[in-house]
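Observations on chain architecture
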Amino acid sequence: MIRAAGELTILSDSAIQAASQDAVHPLGSKARVLLTGVFGPYAQDDKYGSRKLNPMELYHNQVTRTQGPFSLRMFHRSWGLMLIQANIEAPCTVLDFPVLDRFVEELRTHEYDIIGITGIIPNVLKVKKMCELIRRYQPNATIVVGGHVANIPDLAEQVDADHCVRGDGVRWMRRFLGEDENRPIRHPLIKSGLGTRNVGMTVRDEPGDVAATVIPSVGCPLGCNFCSTSAMFGGKGKFINFFESGDELFHVMCQLEEEMKVQSFFMMDENFLLHKKRALRLLELMQEHDKAWSLYVFSSANVLKTYTTDQLLGLGISWVWMGLEGEDSQYKKLHGIDVRTQIKELQSHGIRILGSSIVGLENHTPENIDAAIDYAVAYDTDFHQFMLYTPIPGTPLHAELSAQGRLKDPSTFSPADIHGQLIFNYRHSHIRDGQEGEYMLRAFNRDFEQNGPSTIRIVRTTLAGWMKHKNHPDPRIRRRIRWEARELATTFSALVGAAARYYRHHAALGPKMRALLKQLHREFGWKSRLFSSLGGRYVLRKIRQEERRLAAGWTYEPPTFYERNAACTDNPAAALCRYATPLPPTAPTPAPASRRIHADEPVLV
């Protein structure tokens, strides 16, 4: 729906997009803006679409789901909201992770001209409720809805919003405010994770302990048919670079290093290494300025293959999230590559791997599903994500299955349950009667039972990197390896010591834990022995306490964040957000070029 002159007009999806592209708010940059995520609590079952099975935790949700007290628990801020706030001149407040009452309180106590809501598709009922509340308390506000939920083709008919925006929210909001949409990007200061918790303990959050998030690009040019991120930014071959050159990226990372006291960076880019010219220029600058940074990246197997080991080590690549999909995958990013050997080689250099596999591919049947799961588990990655093969609205897969008449009637399921962990929203050729949910549990459990806790696997791979490169001839790489291995003799030895006791009677995992502990003892001597003995007993007690806490139904919820930008002078209760500035105009690479949408560059497929 588009609200204009007091009337509600039903427009087609394409007409809505066109109208949104051309719209400009009458107050321009004087408009008061509120940006908010959907309301919590999240880790519970309720009528608004919260699900205990779909908490606001990426890792516990879909990576370490059944690892109990060993599950990695953490939250991630709504980075898109932070990016928009830092890049508009209008006074802007961000309300992140509010509960419903807190959202209503904000509507009652502060007046806004524009209210933006972001969410994912399972949160559509929450978005609908928030739009209703805005109309009740702030009827004059313009409502903008974005994020993955905007991929729903008929979203404008489901929620009472004025604009449903797909893709780049920064550029859209600048244009809506009458600002220069091609102005260089200011990068917010973002911690990659918060509230990190494992084995019953919340990890310390001192400066430098948590990586800074960097968002070099959005969209995924590889364009897998199930990928909603790729679809949201235009599909195969399309992406948007916020930072076109390695110079621009290096400039921002130096500022984050100084302001946040970090030396590790989570590169939130769907295939960071695909932009090879930018990555290799970044490597040159890291070498020139003696930066021993660690980079955590997403990359496909075929792109990784185009880099030498020396280049990966020099860039500080120490963690890679890569799609493994499944045996005999149709996806070309895996074709012609011995991915198992590739993963083992990367791990031998200390590069941690998070592999992602799909359950419920078209060739999966009740008869072969165990073999498919075993195939995935045999990768023995440090982390393993399992997701159901799901046609998300807006993706080519959704269009394909819709044309085949295989999508389920929406009245037969709740959108809140289509989060990739429970049920299909279509009729699978072979899997029936909700079997897919049990197959998901089977995959997670088998990975955990066979390969052990992911945090222990991290210790194993980190130790392998230390053993291979502790005496690396390049002092810059040597410093980075030593920094990553800094807790092997202490905290990590205590963790492995606890795990060895926890699994002492486990036929498969007990020997693995003891063997790893012996390696740590051989390498680090008395310090490792002391921490594994005394610290291990303490950690084991915390593990037992966490088991009891989880058995009693304990859930984890993120804190609420309330922040304003510098233009927002009438809301001192909100913390002031901070950001890194782009390169000055005299820089070698003109910053405005970073706003192009690329459709003509070669793409590895």
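Since the structure is predicted, the reported quantities are computational estimates derived from the model, not experimental observations.

1. Here we look at the overall build of the protein
- Within the protein, the secondary structure is distributed over 20 helices and 23 strands.
- Since a compact globule built from 605 residues should have a radius of gyration of about 25 Å, the 24 Å found for the protein is in line with a globular shape.
- Dimensions of the protein along its principal axes, counting C-alpha atoms only, are 75 × 60 × 50 Å.
- Classification of the 605 residues of the protein by burial places 60% in the buried group.
- For the protein, contacts bridging at least 24 residues in sequence account for 76% of all contacts bridging at least 6.
- Working note: accessible area of the protein is about 24,200 Å², and carbon and sulfur atoms make up 54% of it.
- Treating the 73 positive side-chain charges of the protein as one cloud and the 67 negative ones as another, the clouds have centres 7 Å apart.

2. Observations concerning the environment of asparagine 302
- Positionally, asparagine 302 belongs in helix α11 (residues 301-304).
- Asparagine 302 sits 226 residues away from serine 528 along the chain, and the two C-alpha atoms are 39 Å apart.

3. Things to note about helix α17 (residues 454-469)
- Taking 1.5 Å of rise per residue, the 16 residues of α17 would be expected to cover 22 Å, and the 22 Å separating its terminal C-alpha atoms lies within 8% of that figure.
- Counting buried positions along α17 gives 12 out of 16 residues, so the element sits mostly inside the fold.
- Among all positions of α17, only Ser454, Thr455, Ile456, Arg457, Ile458, Val459, Thr461, Thr462, Leu463, Gly465, Trp466 and His469 are buried.

4. Notes on the side chain of asparagine 151
- You can see asparagine 151 is positioned in the loop between β7 (142-146) and α6 (155-158).
- At 3.3 Å, the side chain of asparagine 151 and the backbone oxygen of serine 228 are in polar contact.
- Setting aside anything within four residues of it in sequence, one finds asparagine 151 in contact with Ile121, Arg166, Ser228, Met232, Pro393 and Gly394.

5. Some remarks on the sheet that holds strand β10 (residues 194-198)
- The three strands lie next to each other as β4-β10-β11, forming an open sheet whose pairing is antiparallel. Edge positions in the sheet fall to β4 (73-75) and β11 (201-202), since each has one partner strand and no second.
- Both β4 and β10 contribute to a ladder of two bridges, which runs antiparallel. Counterpart to phenylalanine 75 in the pairing with β10 is leucine 194.

6. Digging into the nonpolar core
- Of all hydrophobic cores here, the largest spans 87 residues; its most connected members are Phe265, Leu273, Leu282 and Leu295.
- Of the residues forming this core, the biggest block, seven residues, is contributed by helix α9 (residues 246-260).
- Excluding its chain neighbours within four sequence positions, the residues that come into contact with leucine 282 are Gly246, Leu249, Phe250, Met253, Phe272, Trp293, Leu295 and Leu315.
- In terms of nonpolar packing, the next biggest core, distinct from the first, is built from 35 residues, Val38, Ala141, Ile152 and Ala156 among them.

7. Examining unusual backbone geometry
- With an omega of 0°, the peptide bond between glycine 40 and proline 41 qualifies as cis.
- Looking at where proline 41 falls in the secondary structure, it is placed in the loop between β3 (33-37) and α2 (58-62).
- Even without being a glycine, valine 199 presents a positive backbone phi close to 45°.
- Structurally, valine 199 is set in the loop between β10 and β11.
- The buried category is assigned to valine 199, whose relative accessible area is 4%.
- Of note in the backbone geometry, aspartate 433 takes a positive phi value of approximately 55° without being a glycine.
- Along the polypeptide, aspartate 433 turns up in the loop between α15 (396-403) and α16 (435-451).

8. What about the sheet that holds β3?
- Read across the sheet, seven strands follow the order β8-β7-β6-β3-β5-β20-β21 without closing on themselves; strand pairing throughout is mixed. Both edges of this open sheet fall to β8 (163-164) and β21 (575-576), since each of them pairs with a single strand only.
- For strand β5 (residues 92-96) and strand β20 (residues 561-564), the ladder comprises four bridges, and the chain directions are antiparallel. Of the residues in β20, the one forming a bridge with aspartate 96 is phenylalanine 561.
- Contacts from helix α3 (residues 79-86) reach β3, β5, β6 (114-118) and β20, with the element oriented near 165° to β3.

9. Digging into the pairing of strand β19 (residues 383-388)
- Across the six residues that make up β19, a large majority, six, are buried.
- Alternating positions in β19 separate into two faces, Phe383, Gln385 and Met387 on one and His384, Phe386 and Leu388 on the other, with burial throughout.
- For strand β18 (residues 352-359) and β19, the ladder comprises six bridges, and the chain directions are parallel. Across the sheet, the residue bridging to serine 357 is phenylalanine 386, located in β19.
- On the question of chirality, the crossover connecting β18 to the parallel β19 by way of helix α14 (residues 369-377) is right-handed.

10. A few points about the confidence of the model for the protein
- Across the protein, the average pLDDT comes to 91, with 91% of residues at or above 70.
- Scored below 50 in pLDDT, residues 1-16 shows 25 contacts in the model against residues more than four places distant or in partner chains.

11. Overview of α14
- If you check which residues of α14 are buried, you get Ile369, Ile373, Ala376 and Val377. End-on view of α14: buried residues confined to an arc of 95°, all on one side of the axis.

12. Focus: the packing of aromatic side chains
- Summed over the entire model, instances satisfying the criterion amount to 24 aromatic pairs.
- Where tyrosine 296 meets tryptophan 319, the ring centres are 6.4 Å apart and the plane angle is 65°; that geometry is what we call edge-to-face. In this pair, tyrosine 296 sits in strand β16 (residues 294-298) while tryptophan 319 sits in strand β17 (residues 317-325), placing the two residues 23 residues apart along the sequence. Like tryptophan 319, tyrosine 296 is buried.

13. Details of a nonpolar patch on the surface
- Together, Trp526, Leu530, Phe531 and Leu534 make up a nonpolar patch on the protein surface, roughly 450 Å² of accessible area in all.
- Positionally, leucine 534 belongs in helix α20 (residues 509-551).

14. Focus on the packing of α17 against helix α19 (residues 491-502)
- Running from N to C, α17 and α19 cross one another at 130°; their axes reach a closest spacing of 10 Å. By the criterion of interaxial angle, the relationship of α17 to α19 is oblique. Considering how the two elements wind past one another, α17 and α19 form a crossing that is left-handed. Contacts between α17 and α19 pair Thr455, Ile456 and Val459 from the former with Phe492, Leu495, Val496 and Ala499 from the latter.

The rules behind each value
Residues numbered from 1 in each chain as written. Predicted model: local features only at pLDDT ≥ 70, side-chain atom pairs only at ≥ 80, totals over all residues. Heavy atoms only, no water. Helix = DSSP H or I, 4+ residues; strand = E, 2+ residues; numbered from the N terminus. Rg over C-alpha atoms; globule rule 2.2 N^0.38 Å. Buried < 20%, exposed > 50% of the residue type's maximum accessible area, 1.4 Å probe, protein only. Contact = heavy atoms within 4.5 Å. Areas by Shrake-Rupley, 256 points an atom, 1.4 Å probe, with all protein chains shown as cover. Lys, Arg positive; Asp, Glu negative; His and termini not counted. Charge placed at Lys NZ, Arg CZ, Asp CG, Glu CD. Expected span 1.5 Å × (residues − 1). Polar contact = N/O pair within 3.5 Å; in protein donor to acceptor, adjacent residues only side chain to side chain. Pairing = 2+ DSSP bridges. Core = buried A, V, L, I, M, F, W, Y, C linked by side-chain atoms within 4.5 Å. Axes fitted to C-alpha atoms, helices over the stretch in contact; angles between N-to-C directions. Right-handed = clockwise from strand over helix to strand, strands pointing away. pLDDT = per-residue confidence, 0-100. Arc of directions from axis to C-beta. Phe/Tyr/Trp six-rings, centres within 6.5 Å; stacked < 30°, edge-to-face > 60°. Patch = residues over 30% accessible without salt bridge, like charges linked within 9 Å, V, L, I, M, F, W, Y side chains within 5 Å. Salt bridge = Lys/Arg side-chain N within 4 Å of Asp/Glu carboxyl O. Parallel < 35°, antiparallel > 145°, perpendicular 65-115°, else oblique. Left-handed = near helix turned anticlockwise from the far one by under 90°.

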